[in-house]
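What follows is the residue order along each chain.
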Amino acid sequence: GDTIAKGNITVKSNVAYKEVLNVVSTDSNLIKDASCDFSDAGAVSMEEKTLVVEEFQINQKICITPFITDWLAKEAGVSARKDMPDTFEKFVIQHFAEKIADHVETNIWQGAASTSGQWEGLTSKLAADTDVVDVTGAALTSGNILDQMASVAASIPSQVLYADDMRIYMSNKDFQKFVRSLGGFASVGAAGIDNQGPLFYDGRDLFYDGLKIARTPGLPENTMVAARTSNLFFGTSLLSDLNEIKLIDTRETLGDQNLRFVARFSAGVQTGIGEEIVYRTNAA
C-alpha cells in the first residue's frame, strides 16, 4: 500500500507481539545562559506507548478448471491478454498480494479491532488521544479545501512545522479536490497553473505552504492528518517466521483440480508524540 511503499510511516519489523516505544520530549527551558556551576534546567519527560501486532491469515482454495483455457492460450501465444502472468500460480500469488496490500493500507488508517481481520487504525487512535491537536471543519470541496488545509497547516506546532518528514495526509478523493482547486486557483489565473486548468497535474509531488502532501488511499474522505513520518508507526513480523505465503498444489496429492493459497502475517499501528500531530475531521 502507498503509506508503506512511499515511506510515509515508520516500519517496525520483527515485532513478534508487542514493542514498547519510548517517546521523549523536552520543554522550552532546556537551554540557559552558561555559568561555572552545574544547574539542572528544563524538564525531560518520557512516555511509553505500546505497539501491538495481531496475527492474520488467508486460507483460500481455488479450482483451476475455469482458468485452463485462458492459460493454454497464453502459453500458445494466442491470448489477447498480454499482461496475464505466464502461469496460474503466479497469477494467484500476484492477485492475493495486491489484496493484502490494499487491506493493510486501509486498516493502517481505518481499521477496527472489533472486526475480524482488522486491527485498530490510526484514526481511531488519534481520536482517542487527548494530546493530539484536533481541528474540525466543513465537508471538503474543491471550493473550500485550500482554506481547510490552511487551518490544518496553522495548527501544526512550530517546532515540527518544517521538519523534513512532516506530511499532510489526505485521501484520494480529497487529493482530487486539491488538484481541482489548483486548476482554477485565483492567484495563478482562472485557468490554473500554467493556464492548463486541471490538466496540469502529471503525478508530481504537491505541496501546501511548503508542506509535502501525502496522497493516502487508506484515509477516509473529509479527513486530514498532519504528522511526521517518524511519529507514526507500523509494526509487523515481516522478517520473522510468523510471516509466510504458500501456494499448495493438491492435484498431485489429492487428485483434485485445486490450488490452496495460505498466507499469514501480523500487523498493528501506533502513534508517537500526540501533541505534534494534527487530526482534522468534519464538524459534528
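The structure displayed is predicted, hence computed values, not measured ones.

Caption draft 1: Inspection of unusual backbone geometry at higher detail. Its identity as a non-glycine residue notwithstanding, asparagine 14 has a phi of 60°, on the positive side. Its location among the elements puts asparagine 14 in the loop between strand E1 (10–12) and strand E2 (18–26). Owing to a relative accessible area of 45%, asparagine 14 belongs among the partly exposed residues under this scheme. Even without being glycine, asparagine 222 reaches a positive phi, approximately 70°.

Caption draft 2: A look at the side chain of arginine 280. Its location among the elements puts arginine 280 in strand E13 (residues 278–282). Put simply, arginine 280 is tucked away with no salt bridge, and the nearest opposite charge, on aspartate 174, sits 6.6 Å away. At 2.4 Å, the side chain of arginine 280 forms a polar contact with the backbone oxygen of alanine 138. Here asparagine 222 takes part through its backbone oxygen, which lies 2.9 Å from a polar atom of the side chain of arginine 280. Once residues lying within four places of it in the same chain are set aside, the contact partners of arginine 280 are Val135, Gly137, Ala138, Leu140, Gln148, Val152, Asn222, Thr223 and Met224.

Caption draft 3: Looking closely at the packing of aromatic side chains. Taken as a whole and judged by the stated rule, the model has five aromatic pairs. Consider the rings of phenylalanine 56 and tryptophan 119, whose centres lie 5.3 Å apart with planes at 55°: the pair is tilted. Residue phenylalanine 56 is located in strand E4 (residues 54–63), and its partner tryptophan 119 is located in the loop between helix H3 (88–110) and helix H4 (122–128); the two are separated by 63 residues in the primary sequence. Here phenylalanine 56 and tryptophan 119 have matching classes, each one buried. Among the aromatic residues, ring-to-ring pairing joins Phe56, Trp119, Phe234 and Phe265 into one connected group.

Caption draft 4: Local environment of the sheet that holds strand E6 (residues 166–170). Strand order across the open sheet formed by six strands is E5-E13-E9-E6-E8-E7, with mixed pairing between neighbours. Two strands lie at the open edges of the sheet, namely strand E5 (133–137) and strand E7 (207–208), each paired on one side alone. With five bridges connecting them, E5 and E13 associate as parallel partners. Bridging from a neighbouring strand, aspartate 134 pairs with tyrosine 279 of E13.

Caption draft 5: Representation of the environment of alanine 153 in the model. Residue position: alanine 153 is located in helix H5 (residues 145–155). Of the residues examined, alanine 153 reaches a relative accessible area of 7% and is grouped as buried. The contacts of alanine 153, once residues within four sequence positions are left out, are Leu161, Tyr208, Asp209 and Leu211.

Caption draft 6: Layout of a nonpolar patch on the surface. Together, Leu30, Ile31 and Val44 line one region of the surface with nonpolar side chains, adding up to about 330 Å² of accessible area. Along the chain, leucine 30 turns up in the loop between E2 and strand E3 (44–52). With relative accessibility at 42%, the residue leucine 30 sits in the partly exposed group.

Caption draft 7: Structural detail: H5. Those residues of H5 that fall on the buried side of the exposure criterion are Ile145, Leu146, Gln148, Met149, Val152 and Ala153. End-on, the buried residues of H5 take up no more than an arc of 160°, which puts them together on one face. With respect to the buried face of H5, the exposed residues turned more than 90 degrees away are Asp147 and Ala154.

Conventions and cut-offs
- Residues numbered from 1 in each chain as written.
- Predicted model: local features only at pLDDT ≥ 70, side-chain atom pairs only at ≥ 80, totals over all residues.
- Heavy atoms only, no water.
- Helix = DSSP H or I, 4+ residues; strand = E, 2+ residues; numbered from the N terminus.
- Buried < 20%, exposed > 50% of the residue type's maximum accessible area, 1.4 Å probe, protein only.
- Lys, Arg positive; Asp, Glu negative; His and termini not counted.
- Salt bridge = Lys/Arg side-chain N within 4 Å of Asp/Glu carboxyl O.
- Polar contact = N/O pair within 3.5 Å; in protein donor to acceptor, adjacent residues only side chain to side chain.
- Contact = heavy atoms within 4.5 Å.
- Phe/Tyr/Trp six-rings, centres within 6.5 Å; stacked < 30°, edge-to-face > 60°.
- Pairing = 2+ DSSP bridges.
- Patch = residues over 30% accessible without salt bridge, like charges linked within 9 Å, V, L, I, M, F, W, Y side chains within 5 Å.
- Areas by Shrake-Rupley, 256 points an atom, 1.4 Å probe, with all protein chains shown as cover.
- Arc of directions from axis to C-beta.

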